[in-house]
Amino acid sequence: MTDDLTVRRLAVIGAGKMGETLISSLVGSGVVTPEAVVATAKHGERLRYMKREYRIETTLDNREAAGGAEVVLLCVKPQIAPAVVEEMRPALTADQVL
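Residues numbered from 1 in each chain as written. Predicted model: local features only at pLDDT ≥ 70, side-chain atom pairs only at ≥ 80, totals over all residues. Heavy atoms only, no water.

Visitor: Can you walk me through the pattern of salt bridges in this structure?
Guide: Taken as a whole and judged by the stated rule, the model has four salt bridges. Among the salt bridges present, the one from Arg8 reaches Glu70, with a minimum N-O distance of 3.1 Å. Placement of the pair is Arg8 in the segment before β1 (10–13) and Glu70 in the loop between α3 (62–66) and β4 (71–74), with a sequence separation of 62 residues. Note on Arg8: relative accessible area 57%, which makes it exposed. Taking the shortest distance from any N to any O, the salt bridge between Glu20 and Arg46 comes out at 2.6 Å. On the criterion of sequence distance, the pair formed by Glu20 in helix α1 (residues 17–28) and Arg46 in helix α2 (residues 44–54) is long-range, its members being 26 residues apart. On the basis of relative accessible area, Arg46 is assigned to the partly exposed category, the value being 25%. (Salt bridge = Lys/Arg side-chain N within 4 Å of Asp/Glu carboxyl O. Helix = DSSP H or I, 4+ residues; strand = E, 2+ residues; numbered from the N terminus. Buried < 20%, exposed > 50% of the residue type's maximum accessible area, 1.4 Å probe, protein only.)

Set out below in structure tokens:
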């Protein structure tokens, strides 16, 4: 991340209500550009909506989204968080903020 708090690449894992609220706020405030955001969800229909509404990149693949991101926001239900983190583990690095 740079000193002015902008993020070059942000992965939002779980683009449900919480994830969408964060994306809307961060993009709307200019902290991140739509081009810097990639979001995941379990359903393609949800991802199509997010892509259309916020002009962000989307994918069904959590590991793909986490790879190369400076910041990874985990926006999933607590009961599935351990499995999602385990799934992303190969793509996570010590330089990322999770």
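Visitor: Looking at this structure, how should I read the sheet that holds strand β2 (residues 37–40)?
Guide: Hydrogen bonds between backbone groups are what pair the strands of a sheet, and the pairing can be parallel or antiparallel. Read from one edge of the open sheet, four strands run β3-β2-β1-β4, paired in parallel fashion. Looking along the sheet, the strands with just one partner apiece sit at the ends: β3 (57–59) and β4. The average undirected angle you get between the axes of adjacent strands in this sheet is 20 degrees. With three bridges joining them, β2 and β3 adopt parallel strand pairing. The residue of β3 that forms the bridge with Thr40 is Thr59. Sheet contacts for helix α4 (residues 81–88): β1 and β4; angle to β4, the most-contacted strand, approximately 155 degrees. (Pairing = 2+ DSSP bridges. Axes fitted to C-alpha atoms, helices over the stretch in contact; angles between N-to-C directions. Contact = heavy atoms within 4.5 Å.)

Visitor: So what exactly am I meant to see when it comes to α2 here?
Guide: Working note: α-helix, 3.6 residues per turn, so residues spaced by three or four point in the same direction. Where α2 is concerned, the buried positions are Leu47, Met50 and Tyr54. Along the axis of α2, the buried residues cluster in a sector spanning 60 degrees; they form a single face. In α2, the exposed positions that point more than 90 degrees away from the buried face belong to Glu45, Arg48 and Arg52. The positive-phi residue at the C-terminal boundary of α2 is Arg55, with phi of around 60 degrees. (Arc of directions from axis to C-beta.)

Visitor: Mind showing me how you'd approach the nonpolar core here?
Guide: A general tendency of soluble globular proteins is for nonpolar side chains to be buried together. Of all hydrophobic cores here, the largest spans 16 residues; its most connected members are Leu10, Val12, Ile23, Val37 and Ile56. The set of elements that each furnish at least two residues to this core consists of β1, α1, β2 and α2. Top contributing element to this core by residue count: α2, with three residues. Ile23 has contacts with Val12, Gly28, Val37, Ala39, Met50, Tyr54 and Ile56, leaving out every residue within four places of it along the chain. The next biggest cluster of nonpolar side chains, apart from the first, holds twelve residues, and it includes Ile13, Val76, Ala81 and Val84. (Core = buried A, V, L, I, M, F, W, Y, C linked by side-chain atoms within 4.5 Å.)

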